[in-house]
Amino acid sequence: MTTVYLNGTFLPVENACISVMDRGFLFGDGVYEVIPAYGGNLFRLHEHLNRLKNSLDGIRLANPLSDSEWETILNEVLESNRPLAGTNNDQSVYLQVTRGSAEKRDHSFPEAVRPTVFVMSAPLPDPDPALTDCGAAAVTLDDTRWQHCNIKAVTLLPNVLLRQQAKDQNAAEAILIRDHRVIEGSASNVFVIKDGNVLTPPKSQQMLPGITRDLVLKLARQAELPCKETDIEEALLRTADEIWLTSSTREVMPVTRLDGNRVGDGSLGPVWKTIIALYRDYKAAVRQGKAQ
Ligand code: PMP
């Protein structure tokens, strides 16, 4: 039985209910985070809570909890669900804050309404070995989303439709293009490797500032790989030596086919092999409580 946290109470997921008047339900008026925990230790917690703050600021909603209150709740949910998580106790925590439920459905913000706070966790398997052993297929699609993609909003319908379009073409991810530039994946950030250089688009309102992206950049810089945060033209993506997609659950996923064509020579790239080894070492350090 999965335990969740809802508005101050820990309870079985089957018993957790919210009002049909909740603005998350009616308007998608809320934000969320997904945080991995390895061996029960939260991964990049400080960075995730910082991004949560930025998302809440972005929708003009006060943070209902302090960082230490968040940490206590997340750890309690993880601990409660530990028996479901297998021997390595890897889990992903999902948290969501909505603007709460008001008496009437009205677009403008309600007054004196308590936000809804929800936390759940689920076992976190290693990324699909079929993808890390042979590489994934990706397709390019036009970015049809709004102008505030830096906010991790629960309003994910465009991302859902784009990901499904990719899946319908037997691809693991859609790489989104706006004005001939690479932006990000439907649920991941994009890296391009060209002539030994590690390139990724700079942060902007058009993309989510991925926590995995930042860690990959940090690890690559520590390893003295030449890195650049720079606009990436669609044409460069099509001549890339390697393409990676990063996210908390997929880690660093190598893309070996783009729109049906081989990326580089179509095999796993040497720079990816370097970065994934560093990433796995970092994960192991988190599991042992030696890094966060
Ligand atoms: N971009 C989008 C649109 C995403 O949904 C995600 C994953 N939630 C990411 C990037 C990657 O972010 P992170 O590395 O923090 O998981």
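Residues numbered from 1 in each chain as written. Predicted model: local features only at pLDDT ≥ 70, side-chain atom pairs only at ≥ 80, totals over all residues. Heavy atoms only, no water.

Asks: How do you make sense of the overall build of the protein when you look at a structure like this?
Replies: Helix and strand content of the protein: eight helices and 15 strands. In summary, the protein has a C-alpha radius of gyration of 20 Å against a globular reference of 19 Å for 292 residues, a match within 12%. The C-alpha extent of the protein, read off along each of the three principal axes, is 55 × 45 × 35 Å. Residue burial in the protein is summarised as follows: out of 292 residues, 49% are buried. Considering only residue pairs separated by 6 or more positions, the protein has 70% of its internal contacts joining residues 24 or more positions apart. For the protein, the computed accessible surface area is about 14,000 Å², with 51% contributed by carbon and sulfur atoms. Computed over 31 positive and 37 negative side-chain charges, the separation of the two mean positions in the protein equals 1 Å. (Helix = DSSP H or I, 4+ residues; strand = E, 2+ residues; numbered from the N terminus. Rg over C-alpha atoms; globule rule 2.2 N^0.38 Å. Buried < 20%, exposed > 50% of the residue type's maximum accessible area, 1.4 Å probe, protein only. Contact = heavy atoms within 4.5 Å. Areas by Shrake-Rupley, 256 points an atom, 1.4 Å probe, with all protein chains shown as cover. Lys, Arg positive; Asp, Glu negative; His and termini not counted. Charge placed at Lys NZ, Arg CZ, Asp CG, Glu CD.)

Asks: When you look at the site of the ligand in this model, what are you seeing that I'm missing?
Replies: As a matter of local geometry, the ligand sits amid 17 residues, with Arg51, Lys152, Glu184, Thr212 and Ser248 nearest to it. Contact between the ligand and Glu184: a nitrogen atom at 2.6 Å from a side-chain N or O atom of the residue. Those elements giving two or more residues to the shell around the ligand turn out to be β9 (181-185), α6 (211-222) and β13 (242-247). In the shell around the ligand, the residues fall into three nonpolar, 10 polar and four charged. (Near = heavy atom within 4 Å. Polar contact = N/O pair within 3.5 Å; in protein donor to acceptor, adjacent residues only side chain to side chain. Nonpolar A, V, L, I, M, F, W, Y, C, P; charged D, E, K, R; others polar.)

Asks: What exactly am I supposed to notice about the sheet that holds strand β6 (residues 116-123) here?
Replies: Consider a sheet: its strands pair through backbone hydrogen bonds, and that pairing is either parallel or antiparallel. Pairing is antiparallel in the open sheet, where six strands are placed in the order β2-β1-β6-β5-β3-β4. One side of each edge strand has no neighbouring strand; the edge strands of this open sheet are β2 (9-12) and β4 (41-42). By the bridge criterion, eight bridges tie strand β3 (residues 30-38) to strand β5 (residues 91-98) in an arrangement that is antiparallel. Following the sheet pairing, Val31 is matched in β5 by Val97. Across the sheet, helix α2 (residues 45-58) is in contact with β3, β4 and β5; its angle to β3 comes to roughly 175°. (Pairing = 2+ DSSP bridges. Axes fitted to C-alpha atoms, helices over the stretch in contact; angles between N-to-C directions.)

Asks: Sorry, what's going on with the nonpolar core here?
Replies: In globular proteins that are soluble, nonpolar side chains generally tend to be buried together. If you look at the biggest cluster of nonpolar residues, it comprises 24 residues, and the most contacted ones within it are Leu42, Leu52, Trp70, Leu74, Leu95 and Val119. Residue contributions to this core peak at five residues, all from helix α3 (residues 67-80). For Val119, the contacting residues outside a window of four places in its chain are Val4, Tyr5, Trp70, Ile73, Leu74, Val77, Val93, Tyr94 and Leu95. Core analysis: the second largest hydrophobic core is formed by 23 residues, Tyr38, Phe191, Val198 and Ile276 among them. (Core = buried A, V, L, I, M, F, W, Y, C linked by side-chain atoms within 4.5 Å.)

Asks: Sorry if this is basic, but what is going on with the pattern of salt bridges here?
Replies: Should their charged atoms come close, side chains of opposite charge can pair. Enumeration over the complete set of coordinates arrives at 21 salt bridges. Across the salt bridge formed by Arg145 and Asp143, the nearest N and O atoms sit 2.8 Å from each other. Judged by relative accessible area, Arg145 falls into the buried class, the value being 10%. Salt-bridge contacts for Glu229 lead to Arg221; the nearest nitrogen and oxygen are separated by 3.4 Å. (Salt bridge = Lys/Arg side-chain N within 4 Å of Asp/Glu carboxyl O.)

Asks: Even after reading the chapter, I still don't get the packing of α6 against helix α8 (residues 270-287), so can you show me in this structure?
Replies: Describing two packed helices takes the angle between their axes plus the distance from one axis to the other. Look at α6 against α8: their axes get within 10 Å of each other, and the N-to-C directions meet at 110°. One element, α6, and the other, α8, form an angle in the roughly perpendicular class. When you trace α6 past α8, the crossing you get is right-handed. Touching Thr212, Leu215, Val216, Leu219 and Ala220 of α6 are Ile275, Leu278, Tyr279 and Tyr282, all from α8. Its residues assigned to classes, the contact of α6 with α8 shows eight nonpolar, one polar and no charged. (Parallel < 35°, antiparallel > 145°, perpendicular 65-115°, else oblique. Left-handed = near helix turned anticlockwise from the far one by under 90°.)

Asks: Got a minute to help me understand the pairing of strand β11 (residues 197-200) in this structure?
Replies: For a regular strand, the rule is simple: side chains alternate between the two faces of the sheet. For strand β10 (residues 189-194) and β11, the ladder comprises three bridges, and the chain directions are antiparallel. Bridge pairing links Lys194 to Asn197 in β11. As consecutive antiparallel partners, β10 and β11 are separated by two residues, and within that stretch Asp195 has a phi angle of approximately 50°, a positive value. Across three bridges, the pairing between β11 and strand β12 (residues 227-229) is parallel. By the bridge assignment, Thr200 is partnered in β12 with Glu229. Read as a crossover between parallel neighbours, the route from β11 over α6 to β12 is right-handed. (Right-handed = clockwise from strand over helix to strand, strands pointing away.)

Asks: Looking at this structure, how should I read a nonpolar patch on the surface?
Replies: Taken together, the side chains of Ile18, Val20 and Phe25 define a hydrophobic patch exposed on the protein surface, amounting to about 340 Å² of accessible area. Residue placement: Phe25 occurs in helix α1 (residues 23-27). (Patch = residues over 30% accessible without salt bridge, like charges linked within 9 Å, V, L, I, M, F, W, Y side chains within 5 Å.)

Asks: In this structure, what is going on with the domain arrangement of the protein? I would like to understand it.
Replies: For interface size, the figure often reported is the accessible area lost on association. For the protein, the domain assignment lists domain 1 (3-123) and domain 2 (129-287). Look at where the C-alpha atoms of domain 1 and domain 2 centre, and you get two points 26 Å apart. Tallying the contact residues gives 24 residues for domain 1 and 20 residues for domain 2. For the pairing of domain 1 and domain 2, the buried interface totals around 1,900 Å² over both sides, and the portion due to carbon and sulfur atoms is 62%. Interface area lost by domain 1 to domain 2 is led by Tyr32, Tyr38 and Arg51, which between them contribute 34%. Across the domain 1-domain 2 interface, the total number found is one salt bridge. Between Asp90 and Arg287 there is a salt bridge, and its shortest N-O distance comes to 2.4 Å. The interface formed by domain 1 and domain 2 holds nine residue pairs in polar contact (both at pLDDT 80 or more) in total. Broken down by secondary-structure element, the contributors of at least two residues to the side of domain 1 that touches domain 2 are β3, β4, α2 and β5. (Domains from an automatic or database assignment. Buried area = accessible area lost by both parts, 1.4 Å probe.)

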